[in-house]
Amino acid sequence: MVRDDGKRNFALRATDGDESSVFSGNTPRQAALKAARRLEPGSSEDEADRIELRLREKGTDKVHIYEGWAWHEAAPDDKPDWMPDEITEANVSKQGIEHLDE
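Definitions and limits used
- Residues numbered from 1 in each chain as written.
- Predicted model: local features only at pLDDT ≥ 70, side-chain atom pairs only at ≥ 80, totals over all residues.
- Heavy atoms only, no water.
- Helix = DSSP H or I, 4+ residues; strand = E, 2+ residues; numbered from the N terminus.
- Buried < 20%, exposed > 50% of the residue type's maximum accessible area, 1.4 Å probe, protein only.
- Phe/Tyr/Trp six-rings, centres within 6.5 Å; stacked < 30°, edge-to-face > 60°.
- Lys NZ or Arg CZ within 6 Å of the ring centre and 35° of its normal.
- Contact = heavy atoms within 4.5 Å.
- Pairing = 2+ DSSP bridges.
- Axes fitted to C-alpha atoms, helices over the stretch in contact; angles between N-to-C directions.
- Arc of directions from axis to C-beta.
- Core = buried A, V, L, I, M, F, W, Y, C linked by side-chain atoms within 4.5 Å.

(A) Looking closely at the overall build of the protein. Counting its secondary structure elements, the protein contains one helix and five strands. The secondary structure elements of the protein, listed N-terminal to C-terminal, are β-β-α-β-β-β. Projected onto the principal axes, the alpha-carbon positions of the protein cover approximately 50 × 35 × 20 Å. Counting over 102 residues, the protein shows a buried share of 32%.

(B) Looking closely at the packing of aromatic side chains. Counted under the stated rule, the structure contains zero aromatic pairs. Here the guanidinium or amino end of Arg50 rests over the ring plane of Trp69, the centre of that ring lying 4.1 Å away.

(C) Representation of the side chain of Ser24 in the model. Topologically, Ser24 is positioned in strand 2 (residues 19-25). In contact with Ser24, other than residues within four places in its own chain, are Arg3, Lys7, Arg8, Asn9, Ala31 and Lys34.

(D) Examining the sheet that holds strand 1 (residues 8-13) more closely. The five strands lie next to each other as 2-1-3-4-5, forming an open sheet whose pairing is antiparallel. Only two strands of the sheet have a single neighbouring strand rather than two, namely strand 2 and strand 5 (86-99). Averaged over all neighbouring strand pairs, the angle between strand axes comes to 35 degrees, with direction disregarded. Looking at chain direction, strand 1 and strand 2 are connected through six bridges and run antiparallel. Counted as the bridge partner of Phe10 is Phe23 from strand 2.

(E) Summary view of helix 1 (residues 28-36). For helix 1, the set of buried residues is Pro28, Ala31, Ala32, Ala35 and Ala36. All buried residues of helix 1 lie within an arc of 140 degrees about the axis, which places them on one face of the element. The elements touched by buried residues of helix 1 are strand 1, strand 2, strand 3 (51-57), strand 4 (62-74) and strand 5.

(F) Focus on the nonpolar core. Counting 13 residues, the largest nonpolar core has Ala36, Leu53, Leu55, Tyr66 and Val92 as its most contacted members. Elements with a minimum of two residues in this core: helix 1, strand 3, strand 4 and strand 5. At four residues, the largest contribution of residues to this core is made by helix 1. With sequence-adjacent residues up to four places away left out, Ala36 is seen in contact with Leu53, Gly68, Trp69, Ala70, Ala90, Asn91 and Val92.

(G) Layout of the environment of Asp101. As for its position among the elements, Asp101 is in the segment after strand 5. Look at Asp101 and you get exposed, because its relative accessible area is 80%. For the pair Asp101 and Ala48, spaced 53 residues apart in the sequence, the C-alpha separation amounts to 33 Å.

Quick look at the structure:
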């Protein structure tokens with residue numbers, strides 16, 4: 001279901017079907033990246049734990065499945081004053097789409 005500003009809402013689903021958080025984005029990947037930034041970050045991208053993220057698009061029966069991971073990285077040299085010296089980066093990889101039977 002698309003909002004007036006073009007963004008769609010995606011609910012993060014646990015394995016038991018509980019939907020605890022909602023992330024918005026123009027695409028499912030954008031919402032998945034926001035969800036991945038909340039994961040426990042590793043010390044580097046190679047050492048970060050890969051976690052399955054299941055995002056149900058609100059108003060539909062589609063569940064977008066991603067593998068997500070997060071890690072700490074040094075902030076860029078031209079960072080603004082308010083930005084900390086170490087930031088959290090994240091990445092996701094699409095695994096597929098499922099349709100709910102509910």
